[in-house]
Amino acid sequence: MAKDYYDDMQERPSWRSRTEGQRTKPSRGLIWTIALGIAICVVVIVIWYQFFPAQESRTGESPKTVVEVLPQVEKIIDAPQVSAVVAPSTDAAVPSATTSVADAVVLDTQARSLSDRPVVGGPSSSVTVQYADHLVASGEDLASIAALYNLKTQTLISVNQIRNIQAIREGVTLRIPDRDGQLYTVREGDMLSTIARKYSPSLGWKTLQEINGLKSENILVGQQLFIPDTSSTSTKQLADVAPIQFQKPASGTITTLFGQPYTNPATGTSESIGGILIVGNWGSAVVASAGGQVVDAGYEVKGRGRFVVLSHEGGYRTSYHHLENVEVRIGMTLSKGETIGSIGTSGTTYERPTLFFSIEQSGIALDPTQFF
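Quick look at the structure, then. (Residues numbered from 1 in each chain as written. Predicted model: local features only at pLDDT ≥ 70, side-chain atom pairs only at ≥ 80, totals over all residues. Heavy atoms only, no water.)

**Brief notes about the overall build of the chain**
- Helices and strands together make up the secondary structure of the chain, namely nine helices and 16 strands.
- Out of the 372 residues in the chain, the part that is buried amounts to 37%.
- In the chain, 67% of the contacts between residues at least 6 apart in sequence involve partners at least 24 apart.
- Counting every atom, the chain has about 21900 Å² of accessible surface; 56% of that belongs to carbon and sulfur. (Helix = DSSP H or I, 4+ residues; strand = E, 2+ residues; numbered from the N terminus. Buried < 20%, exposed > 50% of the residue type's maximum accessible area, 1.4 Å probe, protein only. Contact = heavy atoms within 4.5 Å. Areas by Shrake-Rupley, 256 points an atom, 1.4 Å probe, with all protein chains shown as cover.)

This is the structure:
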């Protein structure tokens, strides 16, 4: 019995080993089964990702749609800028569904054209001189109107042919140029080049042509040209209201017009002349341009020379410089055409007898050629 027991004990390990060997084989199969399952899953996943991205690409049109919509959104963003310009119209401020970008551009162009109008009195974007009308309001005078447009008083006087400062009152319409200057009336023998040289050597006839909007360099006698940065003529409304009539004070040729540059004999500097120069013959009489009273007379070695100043009704004053001799004295009342003296060169280095003649009203110089 004991042997059998021990034999039995000895046989158990071999049985156990056989049993374990039999169990090992199923474990390897299980591993392979699991591996095969994993492989199948991988294949399924690969097939899934190969299949469904294609579906996604077919159903993924929405992202492409978003990309196409973005430019439309940019156009909508631009729309308020257009509608803001045309805000006075409620319909324009809210574009309809049929409004196109091209329509918006047209509206914007029209709006910009409003700002293209010349700013009177300011720097002008146009070469050709532009004018605007100003209706004189209560309390306004020539000086305040000139300041309003940033212009010189002389510019308004010249352009509007003003012979009576006191005529500037409520209800009168003035022409306002967009820059300082004067109007010049073309005379016999004038050319654009000679006119330009009279007022400014640097002006040039081509510039003068462009400023006046001329199609060619041909000009006619009596035609009016605007000369920039000086002062002379236009509105009939004010031309005939002067309370007094003046005549040319001496026979001879007007060599320097009102507003032209000339050398002041007193200072030797070039400046815009506030009157006119008349060149005549020795001994020619100088007469009172209008009836008035002698309020000043004297002699300056360099400058006015022998001079006489007359006061007239309406606040006017006339001055006569460079006389050879004087035949009146302060306080005398003279009639129109009565002799004051004779033409000369006193106070100057002129070689020919030359009379300086000016007309002022309320201290403002006027163009004498507008009176005779």
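Past the structure itself, the notes keep going.
**Points about the nonpolar core**
- Leu 174, Tyr 320 and Ile 340 are the most contacted members of the largest nonpolar core, which has 40 residues in total.
- Residue-level mapping places this core at the junction of two domains, with at least three residues from each of domain 1 (131-177) and domain 3 (253-370).
- Core analysis: the second largest hydrophobic core is formed by 13 residues, Tyr 184, Ile 219, Ile 227 and Leu 257 among them. (Core = buried A, V, L, I, M, F, W, Y, C linked by side-chain atoms within 4.5 Å. Domains from an automatic or database assignment.)

**Remarks on the packing of aromatic side chains**
- Evaluated as defined, the whole model comprises seven aromatic pairs.
- Ring centres 6.3 Å apart and planes at 85° place the aromatic pair Tyr 131 and Phe 226 in the edge-to-face group. Taken together, the residues span a long stretch of sequence, with Tyr 131 in strand β1 (residues 131-135) and Phe 226 in strand β4 (residues 224-228) at a distance of 95 residues.
- For Tyr 131, a relative accessible area of 28% puts it in the partly exposed group.
- Phe 226 sits in the buried class, given a relative accessible area of 1%.
- Ring geometry for Tyr 316 and Phe 371: centres 6.3 Å apart, planes at 80°, overall edge-to-face. Highlighted residues: Tyr 316 in strand β12 (residues 316-326) and Phe 371 in the segment after β16 (364-366), separated in sequence by 55 residues.
- Among the residues examined, Tyr 316 registers a relative accessible area of 0% and is labelled buried.
- The rings of Phe 246, Tyr 316 and Phe 371 are connected pair by pair, giving a single aromatic cluster.
- It is Arg 163 that lies over the ring of Phe 371; its NZ or CZ is 5.6 Å from the centre.
- Directly above the ring of Phe 307 sits Arg 304, whose terminal nitrogen or CZ lies 3.6 Å from the centroid. (Phe/Tyr/Trp six-rings, centres within 6.5 Å; stacked < 30°, edge-to-face > 60°. Lys NZ or Arg CZ within 6 Å of the ring centre and 35° of its normal.)

**Describing the pattern of salt bridges**
- Tallied over the entire structure, the rule returns three salt bridges.
- Asp 178 is the partner of Arg 179 in a salt bridge, and the nearest nitrogen-oxygen pair spans 2.9 Å. Accessibility assignment for this pair places Arg 179 and Asp 178 in one class, buried.
- The residue Lys 198 makes a salt bridge to Asp 190 at a minimum N-O spacing of 3.5 Å.
- A relative accessible area of 32% means that Lys 198 is categorised as partly exposed.
- Judged by relative accessible area, Asp 190 falls into the buried class, the value being 13%. (Salt bridge = Lys/Arg side-chain N within 4 Å of Asp/Glu carboxyl O.)

**Thoughts on the side chain of Ser 342**
- On the secondary structure map, Ser 342 appears in strand β14 (residues 339-343).
- On the accessibility criterion, Ser 342 (9% relative accessible area) is buried.

**Regarding unusual backbone geometry**
- One non-glycine residue, Asn 150, lies in positive phi territory at about 60°.
- When its relative accessible area of 58% is taken as the criterion, Asn 150 is described as exposed.

**Overview of the side chain of His 312**
- If you trace the backbone, His 312 turns up in strand β11 (residues 306-312).
- In this structure the side chain of His 312 is engaged in a polar contact, spanning 2.8 Å, whose partner is the side chain of Thr 318.
- Not counting residues within four places of it along the chain, the set of residues in contact with His 312 comprises Ile 244, Phe 246, Ala 290, Gly 291, Gly 292, Arg 317 and Thr 318. (Polar contact = N/O pair within 3.5 Å; in protein donor to acceptor, adjacent residues only side chain to side chain.)

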